[in-house]
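Inside the fold
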Amino acid sequence: MADINLKEVTLIVGVVTACYWNSLFCGFVFDDVSAILDNKDLHPSTPLKTLFQNDFWGTPMSEERSHKSYRPLTVLTFRLNYLLSELKPMSYHLLNMIFHAVVSVIFLKVCKLFLDNRSSMIAALLFAVHPIHTEAVTGVVGRAELLSSIFFLAAFLSYTKSKGPDNTIAWTPIALTVVLVAVATLCKEQGITVVGICCVYEVFIAQGYTLPLLCNTAGLFLRGKGGIPFSMLQTLIKLIVLMFSTLLLVVIRVQVIQSQLPVFTRFDNPAAVSPTPTRQLTFNYLLPVNAWLLLNPSELCCDWTMGTIPLIESFLDIRNLATFVFFCFLGALGIFSLRYPGDSSKTVLMALCLMALPFIPASNLFFPVGFVVAERVLYVPSMGFCILVAHGWQKILNKSVFKKLSWVCLSMVLLTHALKTLHRNWDWESEYTLFMSALKVNKNNAKLWNNVGHALENEKNFERALKYFLQATHVQPDDIGAHMNVGRTYKNLNRTREAEESYMMAKSLMPQIIPGKKYAARIAPNHLNVYINLANLIRANESRLEEADQLYRQAISMRPDFKQAYISRGELLLKMNKPLKAKEAYLKALELDRNNADLWYNLAIVYIELKEPNEALRNFNHALELNPKHKLALFNSAILMQESGEVKLRPEARKRLLNYVNEEPQDANGYFNLGMLAMDDKKDTEAEIWMKKAIKLQADFRSALFNLALLYSQTAKELKALPILEELLRYYPDHIKGLILKGDILMNQKKDILGAKKCFEKILEMDPSNVQGKHNLCVVYFEEKDLLKAERCLVETLALAPHEEYIQRHLSIVRDKISSSGFVEQPVFPTAKTSGGGDKLPSENIKEIRSESGPTQIIKTSESKSKKQLAKNEDKENPQKTKDIKEIEKKRVAALKRLEEIERILNGE
C-alpha cells in the first residue's frame, strides 16, 4: 500500500476548498433547525450525559416520538461548535468542510489498496467534487455522514493490517478495528456496515479466494475428502471475532432504542405502507434511481418524500425495465468479481461492496425508513462508484486510441461536477432558496410547497405563504400538516373563520381510534397538534372554553404522553379559574419532562393563583436551576421576593433583576423594579438612576414616572418632581394619584393655590367620591379664606368617609375659625371635639404606590418542535400569555390601604 504524499493532500484540500468555500455563507436550513437551533443538548447548561440518553434531535430515546437516531458523538461536535461560536453557522459549515477534506484524503489512501497512484487520485478527486455530496457537506446535519465515514475508512484501513507474517493473526489491528467500528456507529448507524466490507476483504482480497474455489473446498469438506486448510481456519477465526463484535454492537443498539423502530407515516415513505407487490416493485426501483443520481447528478432535490416518485403498482409499469437492467448490470459485475481471480476483479468487488453494503440500512429492503431517497446516504456508496469510474477510466486509457479522449472526458466530468457543486451550495443559503430549488425539480411533493410556505411565514410574508400552503393541499389533499399550515396562516391574517374551517378539515383527516389498536403507530405525533391549535383558536371566545378543553382532553386520550396537550390545557384551566386542575395538568407534564424549565415556571404561576407564594418561589427556583438564564423566572421570582416584604430576600431579588436586565437590556420593567427595590432600601440616588433608565427606554412608563416624582417628593426635591408629573399627566391626564401629588406640591411648595385647585377639581370630575381629592379641595377653600365653603366641603367629605378622624378634626378647626370670626351658621354636622386650633389644614398627601400596573406575567409553553422543522409539516401556535399576578396585586392594594389609613391618622395627630 503506497503512502500519500504532501502534494496529493494539498491538491485534494485545495479542490475541496474551491468547491465548498461558498458553503461558509449558508445558514441553518431544513433539518439543521431541529438538530442545531432547537436542540438543547448543544447548550453548556445541559449535562453531557444527556447526549447519550437522547437521539440526534435532542429527544429522549425512551419516548415513542423519538427518531431513534443515536449519534451522540456527532452531537458532541455540534456542542463544540456552540462553545466556540454559539449559533453562528459559519463555524459549523467550516468544520463540515474540514471533515469532507479529511474523508477525501483517507479515501485516497483506501483507493491505493486497489488502484494505481494515478487512478487513486482520480477517484479521490471525483469523490471530493461530486455534487451528490452537497447535502452531506453543506447541510450541517450531514456531519453525521462525514464523521461516520472518517471512522468507517479508518476501521477498514486498520483491518487491512490484521494479516501477519505466514498468515498469522495480528490481534491489535483487529481490536482497533472493533473500537473504530463502535465509534463510527456512534456517529451514524451505517458505520457498522464496515464489518461486512472487512469480511469480504479478508476472504476475497487478503486470502485471494474466489467463489468457485470456496465452493469446491466446501464440497470436498462436506464429502469428507479433505480438511479445511490452516489459512482458511485462520480466516474463520477472524470472521467469527468480527461477527461476534458486530452482534454485540447490534444488541447494544437495540437496547438503546428500547427495541422500538421509529414511527413514520405514509407521507414520509408512501411505499412502506403499500400492499404487495407495489411495495416491493417501488423499493426495488429506488435502487436504479439512486444509481442514476450518482451517474447524473444534474437534478438534485433536498426532499424526495411524499409524491416525488409515484408508486409502481403494476408489473407493466415501464419503470420496471430500469430495475431489470440495473440488477442485470449489477449481477454481471458481481459474477465477474467473484468468479475470476486478478487485480481487476478484486477492485470491482471492493467497489461493489462499498456501494452496496453501506446503502443497505437506507434501502428499505429489510426495514422501512423515513424517506424515499436521501442524497446524503449516498456519501459512502459514492466511494465505490468513484472507484469503479476511475478503474474504468484506467482501462480505457490503456487503449492508446482513446487516450486523449479519455483525458478530455475526465477533465470535463471533474470540471462540470465541481461547478455544479459550487452552484448547488448556494441553494443551501436559506430555506427559501433551498425549497424553491427543490420545486424546480419536483412539483409533486406537498412537503416542498409546505416548506416554501414556512420559509415565507418566517419572514412574516403570510399572504404569499398562504398561496404555497394552499397549493400543498391541492397536490396532496389528504395531507393533514398542509391543512394545519393553512389554518395557522389564516389565523395570522386574523381570518379566524377560515382558520377554524382549515383546522376542522385537518381534524377530519385524522384516523379514527380503533379499539385495541395503538393510535400512535398510525399517525405522526405532531399531527395531533391540530387539536391544540384548534383549541387555542376557539378559546379566544369566552363561551367556547369548555369546547377547547374537550379538544385538549381528546388529544391526551389519543396520546397520554402528549406533553404539549397538558401544557396548553393547564393554561386554559388557569383562564377558567380552575387552578387546582391546572396544577394537575402541569404535574402530569412534569412527569413526562422534569428537565423543562418552562414547566416549572408555569407551575409557579399556578401556585401564585393558589395563594401559595412559598411554593411558587420554590418552583421559580427549580426553573432557574435548570436554566439560570430563564428570563421570566428571574423577573417574576424577584418580584415575588420583593413583594414578600422580607428584607433578607432583597439582595437575591436585586441579583436576579440585575441578571434579568443583562438578558433583557431593552425591557424597562427590569430597571423600574430595581428602582423600587432601591426605594425600599432607602437608596434614593440608586433608585433615581434606575427609574430614569426605565423612562429612557419607555417614555410613557406610567409607574416609573409616578414613582420617580414620588421619590423626589419624599426627598425634599418637590420642584424636580413637577416636570416629571407634567410628563406623566401628558400621557395619562386621568392619573388621579399624579394629580393629587401635583396639587399637593403646588399648594404646599409653590403656593399656587389656583393650580392646586384645578388639580383637585379635575379629580372630582373623574371620581366624585375620591376622599383624598375632596379633602384636599376643602383645604384649598380654607386657604382661600372661604371658610363656609370649606366647612360644607368637609361635611361632604366626612359623609364619604365617616370614620376618618382627621376629617372630623379638620372640620372642627374650620368651625372654630368660623366662630372666632363672628360667623353665625347653623351647624350641619355635629361638632367634633377639637384637639387644638390652627390656621392651616394639612392636605392629605399621596402615599407610595409600588406599581400601578403589575409586570406582565407570561406563561410560556414548552414547544414540542419548532415550526421551523419544515420537513415535519409542523403546525405551532404562539405561546399563550397571562397578564398580572392577581394575588400580588391584591396584596399590594391591601397593603397600600393599610398604609394610607395609618398615615392619615398620624397626619391628624
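Parameters and conventions
- Residues numbered from 1 in each chain as written.
- Predicted model: local features only at pLDDT ≥ 70, side-chain atom pairs only at ≥ 80, totals over all residues.
- Heavy atoms only, no water.
- Helix = DSSP H or I, 4+ residues; strand = E, 2+ residues; numbered from the N terminus.
- Buried < 20%, exposed > 50% of the residue type's maximum accessible area, 1.4 Å probe, protein only.
- Contact = heavy atoms within 4.5 Å.
- Areas by Shrake-Rupley, 256 points an atom, 1.4 Å probe, with all protein chains shown as cover.
- Expected span 1.5 Å × (residues − 1).
- Arc of directions from axis to C-beta.
- Salt bridge = Lys/Arg side-chain N within 4 Å of Asp/Glu carboxyl O.
- Core = buried A, V, L, I, M, F, W, Y, C linked by side-chain atoms within 4.5 Å.
- Axes fitted to C-alpha atoms, helices over the stretch in contact; angles between N-to-C directions.
- Parallel < 35°, antiparallel > 145°, perpendicular 65-115°, else oblique.
- Left-handed = near helix turned anticlockwise from the far one by under 90°.
- Nonpolar A, V, L, I, M, F, W, Y, C, P; charged D, E, K, R; others polar.
- Disulfide = S-S within 2.5 Å.
- Phe/Tyr/Trp six-rings, centres within 6.5 Å; stacked < 30°, edge-to-face > 60°.
- Lys NZ or Arg CZ within 6 Å of the ring centre and 35° of its normal.

**Looking at the overall build of the chain**
Scanning the chain from N- to C-terminus turns up 39 helices and zero strands. Split into buried and exposed, the 909 residues of the chain put 55% on the buried side. The contacts of the chain with a sequence gap of at least 6 include a subset with a gap of at least 24, amounting to 67%. Surface summary for the chain: the accessible area is close to 40300 Å², and the carbon and sulfur share equals 60%.

**Here's the deal with helix α1 (residues 6–20)**
In this model, α1 (15 residues) spans 21 Å end to end at C-alpha, consistent with the 21 Å of a helix rising 1.5 Å per residue. The complete set of buried residues in α1 reads Glu8, Ile12, Val15, Val16, Cys19 and Tyr20. Relative to the axis of α1, the buried residues are bounded by an arc of 110° and lie together on one face. Every exposed residue of α1 that faces more than 90 degrees away from the buried side is listed here: Leu6 and Lys7. Of the surrounding secondary structure, the elements contacted by the buried residues of α1 are α4 (89–111), α5 (117–129), α6 (134–137) and α16 (403–427).

**Some thoughts on the pattern of salt bridges**
All chains considered together, the criterion is met by 38 salt bridges. Ionic pairing is found between Lys112 and Glu8, a salt bridge with its closest N-O pair at 2.9 Å. In this pair, Lys112 sits in the loop between α4 and α5 while Glu8 sits in helix α1, placing the two residues 104 residues apart along the sequence. Classification of Glu8 by relative accessible area gives buried; the value is 12%. Arg553 serves as the salt-bridge partner of Asp549, at 3.3 Å between the closest nitrogen and oxygen. A residue pair is termed a helical-turn pair when its members lie 3 or 4 positions apart in one helix, as Asp549 and Arg553 do in helix α23 (residues 545–558) at four residues. Residue Asp549 is classed as buried on the basis of its relative accessible area, which comes to 5%. A single network of salt bridges, built from pairs that share partners, joins Arg495, Arg497, Glu498 and Glu501.

**Observations regarding the nonpolar core**
Burial of nonpolar side chains together is a common tendency in soluble globular proteins. Judged by nonpolar contacts, the single largest core of 171 residues is most densely connected at Cys302, Ile309, Val373, Tyr531 and Phe620. Take this core: its biggest share by element is ten residues, from helix α26 (residues 597–609). Sequence-distant contacts of Ile309, defined by excluding residues within four places in its chain, comprise Tyr285, Leu286, Val289, Trp304, Arg319, Val372 and Val373.

**As for the packing of helix α36 (residues 771–783) against helix α38 (residues 805–820)**
Viewed as axis vectors pointing N to C, α36 and α38 meet at an angle of 15°, and their least axial separation amounts to 12 Å. In terms of their interaxial angle, α36 and α38 are classed as roughly parallel. For the pair α36 and α38, the sense of crossing is left-handed. Counted together, Val771, His775 and Phe782 of α36 and Tyr806, Ile807, His810 and Val814 of α38 form the full contact between these two elements. Looking at the contact of α36 with α38 residue by residue, the class counts come to five nonpolar, two polar and no charged.

**Regarding the state of the cysteines**
Enumeration according to the criterion identifies one disulfide in this entry. The disulfide bridge from Cys778 ends at Cys793, spanning 1.9 Å between sulfur atoms. Every disulfide takes its handedness from the sign of the S-S torsion; for Cys778 and Cys793 that torsion is -80°, giving left-handed. Of this pair, Cys778 sits in helix α36 while Cys793 is found in helix α37 (residues 787–800), placing the two residues 15 residues apart along the sequence. With a relative accessible area of 0%, Cys778 lands in the buried category.

**A closer look at the packing of α23 against helix α24 (residues 563–575)**
Between α23 and α24, the least distance of the axes is 9 Å, while the angle of their chain directions is 160°. Judged on the interaxial angle alone, α24 and α23 are roughly antiparallel. Considering the relative orientation of α23 and α24, their crossing is left-handed. Facing Leu545, Ala548, Asp549, Tyr552, Arg553, Ala555 and Ile556 of α23, the residues of α24 in contact are Ala565, Tyr566, Ser568, Arg569, Leu572, Leu573 and Lys575. In terms of residue class, the contact of α23 with α24 is built from nine nonpolar, one polar and four charged.

**Re the packing of aromatic side chains**
Using the criterion set out here, one finds 18 aromatic pairs in the structure. With a centroid separation of 6.2 Å and 85° between ring planes, the pair formed by Trp21 and Trp426 is classed as edge-to-face. Residue Trp21 is located in the loop between α1 and α2 (32–37), and its partner Trp426 is located in helix α16; the two are separated by 405 residues in the primary sequence. With relative accessibility at 34%, the residue Trp426 sits in the partly exposed group. For the ring pair Phe114 and Phe156, a centre distance of 6.3 Å and an interplane angle of 35° mean the geometry is tilted. Placement of Phe114 in the loop between α4 and α5 and of Phe156 in helix α7 (residues 143–159) is noted, with a sequence separation of 42 residues between them. Residue Phe156 is classed as buried on the basis of its relative accessible area of 4%. Over the aromatic face of Tyr285 sits the side chain of Arg319, whose NZ or CZ is 5.4 Å from the ring centroid. One Lys or Arg, Arg702, reaches over the ring of Tyr732 and ends 5.2 Å from the middle of that ring.

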